[in-house]
Amino acid sequence: MSKPQKVVVVGAGPVGSLAALYSAQRGYEVHIYELRSDLRDPSTVPLNFTKSINLALSERGINAMRHSGSSKLLDHVFSTTLPMEGRMIHTKGSKGELEEEPQSYDIHGRTVFAVDRADLNGRMLDILEEAPNVTFHFNHKLLTADFKKCVAYFENRGPDQTDPGSTVNVDFDFMMGADGAHSAARNQLMRFVRMDYQQQYIDTLWCEFQIQAKEVKPDNSMGRFRISPNHLHIWPGGKFMFIAIPCSDGSFTCTLFLPAAEFALLELNPTGLPGFFDQNFPGVTELIPPDKLMDSFDTNPHLPLITIKCTPYHYSSSVVLLGDAAHAMVPFYGQGMNAGLEDVRMLFSIIDKYAEKDFENTDHDSVAHQRASALEEYSELRTPDAHAINDLALQNYEEMRAGVLSPTYRFRKWLEES
Ligand code: FAD
């Protein structure tokens, strides 16, 4: 029997972790290299320096997990996530009263799920840790790679991340670059292929807030939620918006999306923040006390949003880009992670197809040849879909911050203003 293929996964985010699970299931020798320390360690600084982003997980992502070969993963997902049957639009009525309008996502009652990214990611790492053919290399930063010689250079930064670090040379048969929007794997790939590349920072920053759970008796778990736990809540502001996604502990992770100039004005006058919320996001200051609102605005970072398109995603049989590394998108369609997880499912379905076609040839060169054909097909198939979802995500910002308002509301507003 020939030696197992050595697969290097760069990035242990949700997409890299799922890619590692699929690889482990196929018997590859899997090595995961991750810039940060283990996210399950409470001292690890979370991605984006916030507590954790709460995400909408949809069938696209769930289906990719379903095919991972680990029933434990889906069992965990369904036991810890909250179904969101639609969005809840928060506005003010003509007499200044608070109004809520539920809008279902699906006429058949299908839902998306609110998931804690760090929790999902941590569970994937737990499952990977049980696999005998998976090795983690935390605190390793991809620096450069030669995709002709199949060797990569990582900086071993040490657990405190301040070490200047030693360089480690790593050889591989196949690298999967899942190292996020600012991907080093993508930068290296550009040296080997004529990559078309496009990036745009949109004129919106985001900042995270929290609606705390209510204190109730332990047996009253649903009573902990201050607003509906089964909706994605939107306060549309026309040119900006505020949203809230439920967490299983009764709290909500909220995000303010606002143009950079508006952020700058509020930074100059942070005490004006509660008034700004009262004017634009009715009812929020009843859910988040003004001092907490100002504290989160002051403490949590104001982060940019980038959208990236590139193609192709691969070189020969040696490397492929997945997830945000291939197609970072703005979060307004709730599909960034979902599409990244789908990348993994699609990639492996194509790799499996080529392996099955040529099942008699399992020597190293034949496997590399099959993979080169599979990666070619993957780039070709995936590019138009990834570009389309990037565009849809951009368009959906307009929908969420303004389009969700019902015609009656818009007509009333128009009457008031004319
Ligand atoms: P990442 O999560 O970015 O992980 C990349 C990993 O690579 C990180 O662990 C990083 O430390 C590591 N890394 C980076 N550089 C290197 C290097 N040089 N060497 C080694 N390792 C490296 N998506 C949804 O599907 N639904 C949503 O509702 C949703 N909401 C969002 C809300 C906001 C505010 C934002 C910002 C994003 C949202 N997204 C959502 C998008 C989602 O967060 C991303 O698409 C997803 O995290 C991408 O996963 P990934 O594994 O490809 O990359």
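Residues numbered from 1 in each chain as written. Predicted model: local features only at pLDDT ≥ 70, side-chain atom pairs only at ≥ 80, totals over all residues.

(A) Inspection of the sheet that holds strand 7 (residues 112-116) at higher detail. Read from one edge of the open sheet, three strands run 3-7-4, paired in antiparallel fashion. The open sheet terminates on both sides in strands that have one partner only, identified here as strand 3 (54-57) and strand 4 (82-84). In this sheet, neighbouring strand axes are inclined to one another by 35° on average, regardless of whether the strands run parallel or antiparallel. Direction of pairing for strand 3 relative to strand 7: antiparallel, over a ladder of four bridges. Paired with alanine 56 across the bridge in strand 7 is alanine 114. Those strands touched by helix 4 (residues 117-129) are strand 3 and strand 7, and its axis lies near 80° from that of strand 7. (Pairing = 2+ DSSP bridges. Helix = DSSP H or I, 4+ residues; strand = E, 2+ residues; numbered from the N terminus. Axes fitted to C-alpha atoms, helices over the stretch in contact; angles between N-to-C directions. Contact = placed C-beta atoms within 7 Å.)

(B) Examining the site of the ligand more closely. Near the ligand you find 32 residues, and of these Gly11, Gly13, Gly180, Gly323 and Gly336 are the closest. Mapped by element, the contributors of at least two residues to the shell around the ligand are helix 1 (14-25), strand 3, strand 9 (140-146) and helix 11 (336-357). Here the shell around the ligand takes four residues from helix 11, the largest share from any one element. Here the shell around the ligand is composed, by residue class, of 16 nonpolar, eleven polar and five charged. (Near = placed C-beta within 6 Å. Nonpolar A, V, L, I, M, F, W, Y, C, P; charged D, E, K, R; others polar.)

(C) Structural detail: the sheet that holds strand 9. Sheet architecture is open: three strands sit in the order 9-10-11, paired in antiparallel fashion. If you trace the sheet from one side to the other, it starts and ends with strand 9 and strand 11 (166-171), each paired once. For this sheet, the mean angle separating the axes of adjacent strands, direction not counted, is 25°. Taken together, the six bridges between strand 9 and strand 10 (residues 151-156) define a ladder with antiparallel strand orientation.

(D) Focus on the nonpolar core. Val9, Leu18, Ala19, Met175, Ala185, Leu322 and Val344 are the most contacted members of the largest nonpolar core, which has 103 residues in total. With residues near it in sequence (within four places) discarded, alanine 19 still touches Val9, Met176, Ala178, Leu322 and Val344. (Core = buried A, V, L, I, M, F, W, Y, C linked by C-beta atoms within 7 Å. Buried ≥ 20, exposed ≤ 12 C-beta atoms within 10 Å, placed from the backbone.)

(E) Seen up close, unusual backbone geometry. That bond from threonine 311 to proline 312 is cis: its omega, 0°, falls within 30 degrees of zero. The residue proline 312 is located in the loop between strand 17 (303-311) and strand 18 (314-315) in this model. Although it is not a glycine, serine 316 adopts a positive phi angle of roughly 45°. Serine 316 sits in the partly exposed class, given 16 other C-beta atoms within 10 Å.

(F) Molecular detail of the packing of helix 1 against helix 4. Two elements in contact, helix 1 and helix 4, have axes whose closest approach is 9 Å; the angle formed by their N-to-C orientations is 25°. One element, helix 1, and the other, helix 4, form an angle in the roughly parallel class. Of the two possible hands of crossing, helix 1 and helix 4 adopt the one that is left-handed. Residue-level contacts link Pro14, Ser17, Leu18, Ala20, Leu21 and Ala24 of helix 1 to Arg117, Leu120, Asn121, Met124, Leu125, Ile127 and Leu128 of helix 4. Its residues placed into classes, the contact of helix 1 with helix 4 shows ten nonpolar, two polar and one charged. (Parallel < 35°, antiparallel > 145°, perpendicular 65-115°, else oblique. Left-handed = near helix turned anticlockwise from the far one by under 90°.)

As far as function goes, none of this settles anything; it's purely spatial.
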